[in-house]
Amino acid sequence: MSSVSTALTDSAIMLRRNLKHSLRDPVTVFNSVLFPIVIMLMFVKVFGGAFSVGDDYIDYATPGLLVMAVSYGLGATSAAVNSDMAKGVINRFKVMDISRGAVLAGQVVVTTVRCLVSCAAVLGVAFAMGFDPDAGALHWLGVLGLLVLLTFGASWLTIAVGLAAKTPESAGLATVPLIMLPFLSSAFVPSDTMGAGVRQFAEYQPFTPIIETLRGLLEGSPSGGDALAALAWCVGLTLAGYLWAVATFRKRA
Amino acid sequence: MESSAIEVSGLRKAYGGRAVLGGIDLTVPPGTVFSLLGPNGAGKTTTVNILTTLLRADAGTVRVAGHDVVTGTRQVRAAIGVTGQFAAVDELLTGRENLRMMADLGRVRGSGKLVARLLERFDLVEPADALVSTYSGGMRRKLDLAMTLVGAPRIIFLDEPTTGLDPRSRRTVHDIVRELVAEGTTVFLTTQYLEEADELSDRIAVLNGGTVAAQGSADELKRLIPGGHVRLRFTDPAAYRSAAAALREATADDAELALRIPSDGSQRELRSLLDWLDSVGVEADGVTVHTPDLDDVFLILTEQTERTGRAKEAIEP
């Protein structure tokens, strides 16, 4: 067997394992869907009326909520990877003559799928609350593409965190910044309404261009500058996460 | 077949400047059981991790199944099976699925039959389709071992395989080890149970402070030390105390009300000991004679190294 087909078969076996985990531990999936929706209801129905964003608030908030759904979907992955590490499951795979990347690739794919399920749920609830995008088919394709890229990159980063963390608890905790980042971005209120310091942070952190690009796409008028920055962040996240994850995977026994 | 299943020479490993392994040499002939004994922190798991390609050594060469672990990593991995210190089983899969996954990863043909046979062998047929999260510690351990055997590896590493097992499960593991060796498999074992090493191993190495304090068969190790003794047991604390005061050369065990006096166990020595006990007025409730066992070997080897760091020179002929 060639090394590529070996790697693919190994990845498929790992993916099957991780998919079974998701199906048998529905709480994880439920959490990653439920929290973004609770936050969505809170912002749209409770606070939203007080924000003046020059738009229907649900239309303004949905792109940020999609990113938030991704953030919540990631937490379970770092904890799962860490528990595999702590229980010796990863070492078991490492001492076998199987593809090194397969063990991690299975996690990346499952995480991406889980995050996209959360995004679909958020979109469904958004539509039920009157979300009214002006996006055409190509724009929707762009939204999907960007979400997949973001999830893919962030998955690698989360897996690296999971591999490097000392305990499952600290692995879970280490992903909290990912959940906080959307709050410190233009997800819920425009960044120019924020105080000095926070505003600059919000403008330059990775989620803001990603959210702005999503917002542009959903409104049917994407901005090239934001899209470029968003792509650059996604690629950067993927590279950094991948390199860190692979190095940690090799090193830790 | 290559002349040695495992060949280690000059193996060194340090973590942050602290030496964990200070140059160890080991040889394991194929089809034998080799036990690595040592107190906690002696470097047993580090050794296993290096031999199983999980860790890189700082210096020295390690050949497993005829391949260098650094240049022939993949060949080594294809030849070995490893059961680590903690049961590395997937809790959200069933026992059968765990075995099935290993068979798939090893590209085993006819995996259904193999899995059924392993479940049978390890007495796991009944819970085979229950999630492993419902298994007891002993069941997990057995499943762990079964998973290691899936690819029929030629060399098996077992890092404390019976720690935390009840006597019955421990016996199952022992039987399996014997069967494996009868089939020609080489087993590299680390254990804290000395009688386990004594019973199963062809060769034993005592690891202490990152060096091999002694290496040989159980009998050879026992001959290295003057561990024979006579044990006097008392029921009356007062009698025990006066005896302890009279017999200064004895080692006292206050909790057990017992005294331990060095002796080779010969008739002549026993008689003179008993005569002497009479003369000083010591009356024990029980007298037992002990020949040195692996416990004595272990205690003396590891104690002396702790104290002088020169046990090797002191003990080896």
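The name an unreviewed UniProt entry gives chain B is ABC-type xenobiotic transporter, with Streptomyces boncukensis as the organism. One UniProt comment on chain B, placed under Sequence similarities (unreviewed entry), says "Belongs to the ABC transporter superfamily. Drug exporter-1 (DrugE1) (TC 3.A.1.105) family." We quote the UniProt Subcellular location (unreviewed entry) comment for chain B here in full: "Cell membrane".

Student: If you had to explain the overall build of chain A to someone new, which residues and values would you point to?
Tutor: Looking only at helices and strands, chain A has 11 helices and zero strands in total. In sequence order, the secondary structure elements of chain A are arranged as α-α-α-α-α-α-α-α-α-α-α. Here the C-alpha atoms of chain A give a radius of gyration of 19 Å, agreeing with the 18 Å that 2.2 N^0.38 yields for 253 residues. Seen through its principal axes, chain A has C-alpha atoms that stretch 60 × 35 × 35 Å. Taken across its 253 residues, chain A has 50% of its residues classed as buried. For chain A, the proportion of contacts with a sequence separation of at least 24, taken over those separated by at least 6, is 82%. Of the roughly 10700 Å² of accessible surface on chain A, a fraction of 71% belongs to carbon and sulfur atoms. Side-chain charges in chain A split into 16 positive and 15 negative, and the spacing between the mean points of these groups amounts to 20 Å.

Student: Could you give an account of the confidence of the model for chain B, naming the residues involved and the relevant values?
Tutor: All names here are of chain B. When pLDDT is averaged along chain B, the result is 85, and 94% of the positions lie at 70 or above. Confidence drops under pLDDT 50 across residues 305-317; counting only partners more than four residues distant or on other chains, this segment forms 18 contacts. Quick note on the complex model: pTM equals 0.78, ipTM equals 0.82.

Student: Please give an account of the environment of lysine 13 of chain B that cites residues and values.
Tutor: Residue and element names in this part refer to chain B. Tracing the backbone through its elements, the reader meets lysine 13 in strand 1 (residues 6-15). C-alpha separation for the pair lysine 13 and glycine 38, spaced 25 residues apart in sequence, amounts to 17 Å. Discounting chain neighbours no more than four positions away, the residues touching lysine 13 are Arg18, Ala19, Val20, Leu21, Thr46, Ile50, Arg56, Ala57 and Asp58.

Student: Now, about the packing of aromatic side chains: what can you tell me, with residues and values included?
Tutor: Residue and element names in this part refer to chain A. According to the stated counting rule, one finds 13 aromatic pairs over all chains in the structure shown. Both rings, one in phenylalanine 127 and one in tryptophan 140, keep their centres 6.3 Å apart while their planes meet at 35°; by these two values the pair is tilted. With phenylalanine 127 in helix 5 (residues 100-128) and tryptophan 140 in helix 6 (residues 137-164), this pair connects stretches of sequence that are 13 residues apart. Take phenylalanine 127: its relative accessible area is 42%, and that puts it in the partly exposed class. These aromatic residues form a ring-pair network of at least three members: Phe43, Phe47, Phe183 and Phe188. Cation over ring: lysine 94 sits above phenylalanine 249, and NZ or CZ is 5.3 Å from the ring centre.

Student: Could you give me a rundown of the nonpolar core, with the residues and numbers involved?
Tutor: Residues Phe93 and Leu163 of chain A together with Leu99 of chain B are the most contacted members of the largest nonpolar core, which totals 53 residues. Excluding anything up to four places from it in sequence, phenylalanine 93 of chain A contacts Met14, Arg17, Ile98, Arg100 and Val103 of chain A together with Met101 and Leu105 of chain B. One finds Ile39, Cys119, Leu146 and Leu218 of chain A within the second-largest nonpolar core, a separate group that totals 45 residues.

Student: Break down the interface of chain B and chain A for me, with residues and values.
Tutor: With 30 residues of chain B in contact, the opposing surface of chain A contributes 25 residues. Summed over both partners, the interface of chain B with chain A buries about 2400 Å², with 59% contributed by carbon and sulfur atoms. The largest share of the area that chain B buries against chain A comes from Leu54, Leu105 and Arg107 of chain B, three residues that together contribute 28% of it. Between arginine 92 of chain A and aspartate 144 of chain B there is a salt bridge whose closest N-O contact spans 2.9 Å. There are 14 residue pairs in polar contact (both at pLDDT 80 or more) connecting chain B and chain A. When contributions to the side of chain B that touches chain A are tallied by element, the ones reaching two or more residues are helix 2 (73-79), strand 6 (80-83), helix 3 (95-105) and helix 5 (137-149) of chain B. Here the residues of the side of chain B that touches chain A are counted per class, giving 16 nonpolar, six polar and eight charged.

Student: Go over the sheet that holds strand 10 (residues 211-216) of chain B with me, naming the residues and quoting the values.
Tutor: Residues and elements named next belong to chain B. A sheet is described by the order of its strands in space; here six strands give the open sequence 6-7-8-3-9-10, paired in mixed fashion. Two strands bound the open sheet, and with one partner strand each, they are strand 6 and strand 10. Sheet twist, expressed as the mean angle between neighbouring strand axes with direction ignored, is 15°. Bridge count for strand 9 (residues 203-208) against strand 10 is five bridges, and the pairing is antiparallel. Bridging from a neighbouring strand, isoleucine 204 pairs with glycine 216 of strand 10. This element, helix 1 (residues 44-51), spans strand 3 (33-37), strand 7 (155-159), strand 8 (186-191) and strand 9 of the sheet and lies at about 155° to strand 8. Strands in contact with helix 5 are strand 6 and strand 7; relative to strand 6, the strand with the most contacts, it is inclined by about 170°.

Criteria and cut-off values
- Residues numbered from 1 in each chain as written.
- Chains lettered and ligands numbered in written order.
- Predicted model: local features only at pLDDT ≥ 70, side-chain atom pairs only at ≥ 80, totals over all residues.
- Heavy atoms only, no water.
- UniProt positions renumbered as here; feature names shortened; annotations may be inferred.
- Helix = DSSP H or I, 4+ residues; strand = E, 2+ residues; numbered from the N terminus.
- Rg over C-alpha atoms; globule rule 2.2 N^0.38 Å.
- Buried < 20%, exposed > 50% of the residue type's maximum accessible area, 1.4 Å probe, protein only.
- Contact = heavy atoms within 4.5 Å.
- Areas by Shrake-Rupley, 256 points an atom, 1.4 Å probe, with all protein chains shown as cover.
- Lys, Arg positive; Asp, Glu negative; His and termini not counted.
- Charge placed at Lys NZ, Arg CZ, Asp CG, Glu CD.
- pLDDT = per-residue confidence, 0-100.
- Phe/Tyr/Trp six-rings, centres within 6.5 Å; stacked < 30°, edge-to-face > 60°.
- Lys NZ or Arg CZ within 6 Å of the ring centre and 35° of its normal.
- Core = buried A, V, L, I, M, F, W, Y, C linked by side-chain atoms within 4.5 Å.
- Buried area = accessible area lost by both parts, 1.4 Å probe.
- Salt bridge = Lys/Arg side-chain N within 4 Å of Asp/Glu carboxyl O.
- Polar contact = N/O pair within 3.5 Å; in protein donor to acceptor, adjacent residues only side chain to side chain.
- Nonpolar A, V, L, I, M, F, W, Y, C, P; charged D, E, K, R; others polar.
- Pairing = 2+ DSSP bridges.
- Axes fitted to C-alpha atoms, helices over the stretch in contact; angles between N-to-C directions.

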